[in-house]
Structures are given as C-alpha cells and as structure tokens.
Amino acid sequence: MRLLAVGKGGSGPERELFERYAKRIKPTLSLVEFPDGVGSPAEIKRREADAILAALKPDEFVIALDLDGATPDSPGLARLLAGWLERSKKLAFVIGGAEGLDAAILARAGAKLSLGKLTWPHMLVRPMLAEQIYRAQMILAGHPYHRAGRP
Ligand SMILES: C[S@@+](CC[C@H](N)C(=O)[O-])C[C@H]1O[C@@H](n2cnc3c(N)ncnc32)[C@H](O)[C@@H]1O
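Identification of the chain as Ribosomal RNA large subunit methyltransferase H from Acidocella aromatica is taken from an unreviewed UniProt entry. Quoted verbatim from the Subunit (unreviewed entry) field of UniProt, the annotation for the chain is "Homodimer."

**Points about the UniProt feature "binding site: S-adenosyl-L-methionine" (unreviewed entry) in the chain**
As annotated in UniProt, the feature "binding site: S-adenosyl-L-methionine" (unreviewed entry) corresponds to L65, G96, L115, G116, K117, L118, T119 and W120 in the numbering used here. Here L65 lies in strand β3 (residues 61-70). C-beta crowding within 10 Å serves as the criterion here: with 24 such atoms nearby, L65 is assigned to the buried category. Beyond its immediate sequence surroundings of up to four residues, L65 is in contact with F93, V94, I95, L113, V125 and L129. Looking at where K117 falls in the secondary structure, it is placed in the loop between β5 (111-113) and α5 (122-141). Of the residues examined, K117 has 7 C-beta atoms within 10 Å and is grouped as exposed.

**Topic: the nonpolar core**
Core analysis: the largest hydrophobic core is formed by 34 residues, its most contacted members being A64, L65, F93, V94 and I95. Contributions of two or more residues to this core are made by β1 (2-6), α1 (13-22), α2 (41-55), β3, α3 (74-87), β4 (91-95) and α5. Of all the elements, α5 adds the most residues to this core, at seven residues.

**Focus on the sheet that holds strand β2 (residues 30-34)**
Pairing is parallel in the open sheet, where five strands are placed in the order β2-β1-β4-β3-β5. Of all the strands in the sheet, the pair left with one neighbour each is β2 and β5. Here the strands of the sheet are splayed against their neighbours by 30° on average, with no regard to which way each runs. Note: β1 against β2, five bridges, orientation parallel. From the neighbouring strand, V6 faces β2, where its bridge partner is F34.

**A few points about the site of the ligand**
Near the ligand there are 17 residues, and of these L65, G96, G100, L115 and H122 occur at the shortest range. Contributions of two or more residues to the shell around the ligand are made by β3 and α5. Considered class by class, the residues forming the shell around the ligand number 10 nonpolar, six polar and one charged.

The rules we used
Residues numbered from 1 in each chain as written. Predicted model: local features only at pLDDT ≥ 70, side-chain atom pairs only at ≥ 80, totals over all residues. UniProt positions renumbered as here; feature names shortened; annotations may be inferred. Helix = DSSP H or I, 4+ residues; strand = E, 2+ residues; numbered from the N terminus. Buried ≥ 20, exposed ≤ 12 C-beta atoms within 10 Å, placed from the backbone. Contact = placed C-beta atoms within 7 Å. Core = buried A, V, L, I, M, F, W, Y, C linked by C-beta atoms within 7 Å. Pairing = 2+ DSSP bridges. Axes fitted to C-alpha atoms, helices over the stretch in contact; angles between N-to-C directions. Near = placed C-beta within 6 Å. Nonpolar A, V, L, I, M, F, W, Y, C, P; charged D, E, K, R; others polar.

The following block contains the structure:
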C-alpha cells in the first residue's frame, strides 16, 4: 500500500504520528512525497498531478482524498477497504497540496474518500488517514482496537 502526497514532511510531529500508524498497517503504508507545485493555482495542481500520475503504477487502484468523496464511518471504510483490495492488492492513496487535487487525478482515481466536510491541512491528513486504515484493518480482523459501542 502506498501514500502519494504533495509536500515535504520533514521530521515534525505530523511525520512522527504518521509513521506510528503507517508501520502498524500490514503491509506497511509507504510514503512517496512530491514537492509543492509552483505558478498559478491551476499550474500548481497540473504540475503536481503530472508528477503523481507519472509515479502511479498501471495496476494500482487509486483512492483520491478529496472533500467531495464518500464519507463513510469507520466500519464503512473497513468495508470499502476490503472491496478495494478485491479490485487490486496494490492500493495508492493520494493527498493533494494547498490547492487540492487536479481533475486528472480525480479522473484516474477508482474511488474518492473524504474525511468529512472540514478542510484539513494536507500534512495532518496523512496521520489521520493512516490511523483510519489501521482502524479499518483492525475492524476487518475483529480486533477490539475499534470500540463500536455508543450510548
Ligand atoms: C488543504 S487541502 C486542499 C484544499 C483545496 N482547496 C480543496 O478544495 O481540495 C489539501 C489536501 O488535503 C486533503 N484533504 C483536506 N481535507 C480533507 C478532507 N476533509 N477529506 C479528504 N481529504 C482532505 C485533500 O487531498 C486535499 O487535496
């Protein structure tokens, strides 16, 4: 499983948190970073998209993180994950930069996933996504990491 993400993360707390969850995911969620694009907002998105599309493998099933995507709850994401893995063992999640994802990425994606209606900084989306993938795997495994009980 790969995460293709715009932005160079350095070694800050977001990276530390991302790695904490990424290494729990089986197989590990590996990170590929792309530099922020330059130019007008449209040029930025197109340049970032060109780099990401060139790095995607033809047999990868692409899940674009996008505000307009599906908004499952965590058990719903677990079901989606199982379905995506039936399509391809190679999943590639994509997170855009400050301008969001270009239409070319959304067209390449087999699925669009939203983490809710709020816009999050792209560096925070990385650990949030990694934790939810890990949680989804725990749900599919029947592990008590996810406590479904509510009042
Ligand atoms: C700062 S946001 C970009 C905002 C941009 N104006 C847009 O509308 O897409 C950077 C990236 O983080 C991800 N992101 C931010 N909030 C998200 C959310 N609620 N759900 C899914 N992805 C999100 C997306 O991949 C987005 O391209």
